[in-house]
Amino acid sequence: MEKWNLMAVVVLLGLTVRWTVSLNSYSGAGKPPMFGDYEAQRHWQEITFNLPVKQCAKFINPDWIALHSSRGYESQAHKLFMRTTVLIADLLIYIPAVILYCCCLKEISTKKKIANVLCILLYPGLILIDYGHFQYNSVSLGFALWGVLGVSCDWDLLGSLAFCLAINYKQMELYHSLPFFCFLLGKCFKKGLKGEGFVLLIKLSCTVVASFILCWLPFFTEREQTMQVLRRLFPVDRGLFEDKVANIWCSVSIFLKIKDILPRHIQIIISFCFTFLSLLPACIKLTLKPSPRGFRFTLVSCALSFFLFSFQVHEKSILLVSLPVCLVLSEIPFMSTWFLLVSTFSMLPLLLKDELLIPSVVTTMAFFIACATSFSIFEKTSEEELQLKSFSISVRKYLPCFTFLPRIIQYLFLTSVFTMVLLTLITVTLEPPQKLPDLFSVLVCFLSCLNFLFFLVYFNIIIMWDSKNGRNPKKTN
Amino acid sequence: MDTISVNRIVQNRINCIRRGSRTEPRGTHSTDFEVHRNWLAITHSLPVSQWYYEATSEWTLDYPPFFAWFEYALSHVAKYFDQEMLNVHNLNYSSSRTLLFQRFSVIFTDVLFVYAIHECCKCIDGKKAGKELTEKPKFILSVLLLWNFGLLIVDHIHFQYNGFLFGLMLLSVARLFQKRHMEGAFLFAVLLHFKHIYLYVAPAYGIYLLRSYCFTANKPDGSVRWNSFSFVRLISLGLIVFLVSALSLGPFLALNQLPQVLSRLFPFKRGLCHAYWAPNFWALYNALDKVLSIIGLKLKLLDPNKIPKASMTSGLVQQFQHTVLPSVTPLATLICTLMAILPSVFCLWFKPQGPRGFLRCLILCALSSFLFGWHVHEKAILLAVLPMSLLSVGKAGDASIFLILSTTGHYSLFPLLFTAPELPIKILLMLLFTIYSISSLKTLFRKEKPLFNWMETFYLFGLGPLEVFCEFVFPFTSWKLKYPFIPLLLTSVYCAVGITYAWFKLYVSVLTDPSVSKTKKQ
């Protein structure tokens, strides 16, 4: 079939799945007085439309039981409007970025590129959160993707502009900022700080500063206002973590109540140290040896480090890790598919709260089947396919019998999938015991956290042992 | 993984998501939900003697007995979901568990449809195939059938059980292709007692089985060899049909309820056209009548007092007269239908071409009945579109007829979904199916001449502006209040043109095909 017809079919399929999911319930549907993210977005529309800039940030009362009369407004027409805005934002920003990214991939056939688009568009996590739970993640992720695209294709200024827009849309994108910084800095170093590199550095700094000023201009009128905005964006007062999230602190607190033992500022310092220690090796390597391939993998490991160790992380932040993993889907299909399945599973308690069980099960299965058939993932589990060849060779210098790595990984995969399915079934069918009402959510988070730690180690190994991979001397990727 | 299972699983998954679209509590689901809930209630709570007399709800049981038994079997599973739905007096009852059960029952019974597709794919020869999986005729056929837009809309959104009924039909066709005639006849007999609309295609079955099965050999020039008639085969076929009918109607015959059953099955009191005109010949006839009456009024040729007040497009289903052209009675439509079917049946008798000829005759019977029948529902177009998919992967000429028929037929189903949330779904699915079918068939037949001439291309592209006008422009014009039926009228007439054209083209290709002396083609 002709290329563009196939691409059109794939995009239409993605759109159909998105709209069908959006016909379901949304976060906080019919649950006054707090409602949920849907009401939050509506509320923000209300504020920004009605109030002048000064009062936007000074709006002190965080409760949704606000003074305005349209709070808790729920109706069919309004739901349709909200859902349509998400679809249009997606169509304008995220989907073109995905298509362009996949078309620019090198060394794979057209059919594989289109299959790549299909799998990325079918990623259940983003669909369920944006079209089910209701958020506008596709805007920030789309801009970030434009940023990645620009920077990988040597359109550095446009790339950094797009990424600044992403950050100013949603501050969570700061998770991705370090790799961007290191990659661009590395490029400047490579070009030589005395000549071209310096020029590039100046140009980039100007672009970044200019875009930030442009976005923040209305809020710079008073210092207090700026501080208020910053306080809202980075709520350090809210504690190390909230609710149940699949990161280290929540998992450790099962055994050791960190929140109670350590004072607030110590918690911040510890979280800061762990985060930066875990992402430092990859970032340093990227600065010294910038390459688009290394950049993508560093995005994954940095975002994952932030997710696991940072302060006040929400379970939806896993989407910031999933996006870079989608980008490396064509290089390590098996591990990426596994990761994306776990990431969707880690949001299970949230999805169940929004009554999105059937859409999540269905989209996960559709995604899994799409990946399994497009990339034949079960055949790609050799050492070389898993990018672990150089690592295994290094280990074999000390342990000659270390040939069983692929098999271990396969067993781990089967165990992980089995436990995920089992836990899903249990959560849906059984009631938790009286004394431990959060048992199932905690188990989900704990299991996901273990998986994520494994992936952190795995991606860091790939990054650190990458240069010794003698298979592709030309780094055109 | 097997192509069909991949397709099926993905499709079923999407259907499951779609299920969620009907959980709104206030009447946004179609009446078909209530119809089937009522039938579950009737068959579960009342004795058999009451089934065809029960009239508490307006949606009385009007399908043959096998379907009633099917609902009875379902009701035994339903009671584990929600006992309340099985109460006959719970009109319009629709808890979320009821909806869940009904949706899953459709998905579950679709298993038969998938099996039938599997069998049909075995009957297609893949000689034209490229190396790629997606270019093989079997794969294309399975996608065209599984993802058929009309079936998805009607079964999984609008809610009916057509999936497994079409499964039965396609399975019986596949059995005839595989020369297992008795099984094919049996399956068709069973199908007739599930939904009697399939009577439309019964002539094709009857003549084919008589000609190609009861007469075991042909003369060299293809005409019938009278002395090769096999009484045994005729008797066995007759026995099968008799036994199935006895099983179905026997109990009601014993209860002396046969007239009541028949009156429920064939309600001729309804009008020539449904509230929304099915895009058939009578839609064109009605439109012509309207145009002539308007012209007549303008030119003062007609007396305004003589024109009946109720306009045919006001949405009421009743009997009324045409103003300029002669009125149409049920008998007239029957005669027209028979006259339209006759040439194809004659072809089947005098120029038998094996199972492929039978399939063409079947499609022509279905299309002719659609075009000339009394009170035809637009969903009946699926009766022609689905079997046509089997032919479409065989020859380029058939592919082009299929594309015209399916695109216009599917577009004519749009008025079935009229709420705003469903608008993106129907447009996206329609685009998905149309783009896929056109490009995959074009690729399959790329070595032959183009599938469409300029007229057909123009016509198909015209569907886009029509949709934009009907859904996006018209609601904001001033005509909406004065002439609210214009979008339906335009859709109906525009599609009727396309469907009639496809019917005509198919007839021409059947009549001009050279007859083949050997009947063993597949």
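Because the structure is a prediction, the values reported are computed rather than measured.

Undergrad: Residue-level account of the overall build of chain A, with values.
TA: In terms of regular secondary structure, chain A is built from 22 helices and zero strands. A total of 477 residues make up chain A; the buried ones form 55% of that total. A separation threshold of at least 6 residues defines the contact pool for chain A, and within that pool the share at least 24 residues apart is 76%. Total accessible area on chain A stands at roughly 21,600 Å², and carbon and sulfur atoms take up 69% of it.

Undergrad: Let's hear about the overall build of chain B: which residues, and what values?
TA: The helix and strand inventory of chain B stands at 21 helices and zero strands. Counting over 522 residues, chain B shows a buried share of 55%. Partitioning the contacts of chain B with sequence separation of at least 6, the portion at a separation of at least 24 is 76%. When the accessible surface of chain B is summed, it comes to about 22,800 Å², and 68% of that surface belongs to carbon and sulfur atoms.

Undergrad: Describe in detail the packing of helix α4 (residues 76–103) of chain A against helix α6 (residues 124–134) of chain A, supporting the description with residues and values.
TA: All names here are of chain A. The interhelical angle for the contact between α4 and α6, taken along N-to-C directions, is 150°, at an axis separation of 9 Å. With respect to α6, the axis of α4 lies roughly antiparallel. Here M82, R83, V86, L87, D90 and Y94 of α4 come into contact with α6, specifically with L126, D130, Y131, G132 and F134. The residue makeup of the contact of α4 with α6, split by class, is seven nonpolar, one polar and three charged.

Undergrad: How would you summarise the environment of V497 of chain B if you had to cite specific residues and measurements?
TA: Mapping V497 of chain B onto the fold places it in helix α21 (residues 486–512). The sequence separation of V497 of chain B and L234 of chain B amounts to 263 residues, and the corresponding C-alpha distance is 41 Å.

Undergrad: How would you sum up the side chain of T427 of chain A? Please name residues and give values.
TA: All names here are of chain A. You can see T427 is positioned in helix α21 (residues 405–429). Engagement of the side chain of T427 in a polar contact is seen with the backbone oxygen of L423, the distance being 2.5 Å. Residues contacting T427, with those up to four places away along its chain left out, are L348, L352 and F440.

Undergrad: Let's hear about the nonpolar core: which residues, and what values?
TA: Core analysis: the biggest nonpolar cluster contains 284 residues, and Y94 of chain A together with L441 of chain B have the highest contact counts within it. Setting aside anything within four residues of it in sequence, one finds Y94 of chain A in contact with R18, A89, I120, L121, L126, S138, L141, G142, L145 and L323 of chain A.

Undergrad: Account for the packing of aromatic side chains, naming residues and giving values.
TA: The tally for this structure, following the rule as stated, stands at 61 aromatic pairs over all chains. With a centroid separation of 6.0 Å and an interplanar angle of 55°, the aromatic rings of F378 of chain A and F413 of chain A are classed as tilted. One end of the pair, F378 of chain A, is in the loop between α19 (357–375) and α20 (389–396); the other, F413 of chain A, is in helix α21, with 35 residues separating them in the sequence. Judged by its relative accessible area of 6%, F413 of chain A falls in the buried class. The ring of W349 of chain B is capped by R211 of chain B, whose NZ or CZ atom sits 5.9 Å from the centre of that ring.

Undergrad: A description of a nonpolar patch on the surface should follow, citing residues and the corresponding values.
TA: All names here are of chain B. A contiguous nonpolar surface patch, about 620 Å² in accessible area, is contributed by L288, V291, L292, I295, L299, L301 and V324. Position of L301 relative to the elements: it lies in the loop between α12 (281–298) and α13 (330–350). Residue L301 is classed as exposed on the basis of its relative accessible area, which comes to 68%.

Undergrad: How would you sum up helix α16 (residues 396–411) of chain B? Please name residues and give values.
TA: For α16 of chain B, built from 16 residues, the straight-helix expectation of 22 Å at 1.5 Å per residue is met to within 8% by its first-to-last C-alpha distance of 22 Å. Buried residues dominate α16 of chain B, accounting for 15 of its 16 residues.

Undergrad: If you had to explain empty space enclosed by the protein to someone new, which residues and values would you point to?
TA: Residues and elements named next belong to chain B. Applying the stated criterion to the full structure yields eight cavities of 30 Å³ or more. What the largest cavity holds in volume is close to 110 Å³. The wall of the largest cavity is formed by S344, C347, L348, K351, Q353, G357, R360, C361, V510 and D513. Residues belonging to the lining of the largest cavity are distributed by class as follows: four nonpolar, three polar and three charged.

Undergrad: Report on the UniProt feature "transmembrane region" (unreviewed entry) in chain B, specifying residues and quantitative values.
TA: All names here are of chain B. Sites flagged by UniProt as "transmembrane region" (unreviewed entry) map to residues 139–154, 184–210, 230–255, 331–351, 357–374, 425–445, 457–479 and 485–504. When the span residues 331–351 is considered, its composition is 95% helix and 0% strand, and the gap between its end C-alpha atoms is 30 Å. Span residues 425–445 is 95% helix and 0% strand, its end C-alpha atoms 30 Å apart.

Undergrad: Please set out the environment of A384 of chain B residue by residue, giving values where relevant.
TA: Residue and element names in this part refer to chain B. Within the secondary structure, A384 is located in helix α15 (residues 382–392). Residue classification places A384 among the buried residues on the basis of a relative accessible area of 1%. Not counting residues within four places of it along the chain, the set of residues in contact with A384 comprises I363, A366, L367 and L405.

Undergrad: Could you give me a rundown of the confidence of the model for chain A, with the residues and numbers involved?
TA: Residues at a pLDDT of 70 or more form 87% of chain A, whose mean pLDDT is 81. This model gives residues 56–67 of chain A a pLDDT under 50, and the stretch forms 23 contacts once residues within four places in sequence are excluded.

Undergrad: Go over the state of the cysteines, please, and point to the residues and values.
TA: All names here are of chain A. Summed over all chains, the structure comprises zero disulfides over all chains. With no disulfide of its own, C103 lies 6.8 Å from the sulfur of C104, the closest cysteine sulfur. Among the cysteines around C188, which has no disulfide bond, C182 carries the closest sulfur, lying 12 Å off. Assessed through its relative accessible area of 0%, C188 is described here as buried.

Undergrad: Please give an account of the confidence of the model for chain B that cites residues and values.
TA: All names here are of chain B. Looking at chain B as a whole, its pLDDT mean stands at 82, while 86% of the residues score no less than 70. Scored below 50 in pLDDT, residues 516–522 makes 15 contacts in the model with residues more than four places away or belonging to other chains. Across the whole predicted complex the pTM is 0.86, and at the interface the ipTM reaches 0.83.

Undergrad: How would you summarise unusual backbone geometry if you had to cite specific residues and measurements?
TA: The phi torsion of most residues other than glycine is negative, and most of the peptide bonds are trans. Residues and elements named next belong to chain A. Even without being a glycine, Q312 presents a positive backbone phi close to 55°. As for its position among the elements, Q312 is in the loop between α15 (292–309) and α16 (318–327). Residue Q312 is classed as buried on the basis of its relative accessible area of 7%.

Undergrad: Outline the packing of α4 of chain A against helix α5 (residues 110–121) of chain A, supporting the account with residue identities and numerical values.
TA: Residues and elements named next belong to chain A. Interaxial distance between α4 and α5 falls to 9 Å at its minimum, and their mutual angle equals 150°. For the element pair α4 / α5, the angle class is roughly antiparallel. Considering the relative orientation of α4 and α5, their crossing is right-handed. Residues Y94, I95, V98, I99, C102 and C103 of α4 lie in contact with α5, whose contacting residues are K113, N116, V117, I120 and L121. Residues that form the contact of α4 with α5 fall into these classes: nine nonpolar, one polar and one charged.

Undergrad: How would you explain the pattern of salt bridges if you had to name every residue and give the values?
TA: Residue and element names in this part refer to chain B. Enumeration over the complete set of coordinates arrives at 14 salt bridges over all chains. Measuring nitrogen to oxygen at the nearest pair gives 3.4 Å for the salt bridge that ties K122 to E119. On the criterion of helical spacing, the pair formed by K122 and E119 is a turn pair, its members being three residues apart in helix α4 (residues 96–123). Judged by relative accessible area, which is 5%, E119 ranks as buried. Residue E119 is joined to R175 by a salt bridge in which the shortest nitrogen-to-oxygen separation is 2.9 Å. Taken together, the residues E119 in helix α4 and R175 in helix α7 (residues 162–177) connect sequence positions 56 residues apart. A single network of salt bridges, built from pairs that share partners, joins E119, K122, R175, R180 and E183.

Undergrad: Run through helix α9 (residues 177–191) of chain A, naming residues and quoting values.
TA: Residue and element names in this part refer to chain A. When the terminal C-alpha atoms of α9 are compared, their 21 Å separation across 15 residues agrees well with the 21 Å that a helix rising 1.5 Å per residue should span. All of the buried residues along α9 are P179, F180, C182, F183, L184, L185, G186, K187 and C188. Structurally, α9 contributes buried residues whose contacts are with α7 (137–152), α8 (156–169), α10 (196–216), α14 (264–288) and α15. Backbone geometry just downstream of α9 places G192 in the positive-phi region, at approximately 95°.

Quick notes on the rules
Residues numbered from 1 in each chain as written. Chains lettered and ligands numbered in written order. Predicted model: local features only at pLDDT ≥ 70, side-chain atom pairs only at ≥ 80, totals over all residues. Heavy atoms only, no water. Helix = DSSP H or I, 4+ residues; strand = E, 2+ residues; numbered from the N terminus. Buried < 20%, exposed > 50% of the residue type's maximum accessible area, 1.4 Å probe, protein only. Contact = heavy atoms within 4.5 Å. Areas by Shrake-Rupley, 256 points an atom, 1.4 Å probe, with all protein chains shown as cover. Axes fitted to C-alpha atoms, helices over the stretch in contact; angles between N-to-C directions. Parallel < 35°, antiparallel > 145°, perpendicular 65-115°, else oblique. Nonpolar A, V, L, I, M, F, W, Y, C, P; charged D, E, K, R; others polar. Polar contact = N/O pair within 3.5 Å; in protein donor to acceptor, adjacent residues only side chain to side chain. Core = buried A, V, L, I, M, F, W, Y, C linked by side-chain atoms within 4.5 Å. Phe/Tyr/Trp six-rings, centres within 6.5 Å; stacked < 30°, edge-to-face > 60°. Lys NZ or Arg CZ within 6 Å of the ring centre and 35° of its normal. Patch = residues over 30% accessible without salt bridge, like charges linked within 9 Å, V, L, I, M, F, W, Y side chains within 5 Å. Salt bridge = Lys/Arg side-chain N within 4 Å of Asp/Glu carboxyl O. Expected span 1.5 Å × (residues − 1). 1 Å grid on protein atoms, 1.4 Å probe; cavity = no way out; pocket = protein on both sides within 12 Å on 5 of 7 lines; lining within 4 Å. Points joined across faces, edges and corners; volume = space filled by probe spheres on them. UniProt positions renumbered as here; feature names shortened; annotations may be inferred. pLDDT = per-residue confidence, 0-100. Disulfide = S-S within 2.5 Å. Left-handed = near helix turned anticlockwise from the far one by under 90°.

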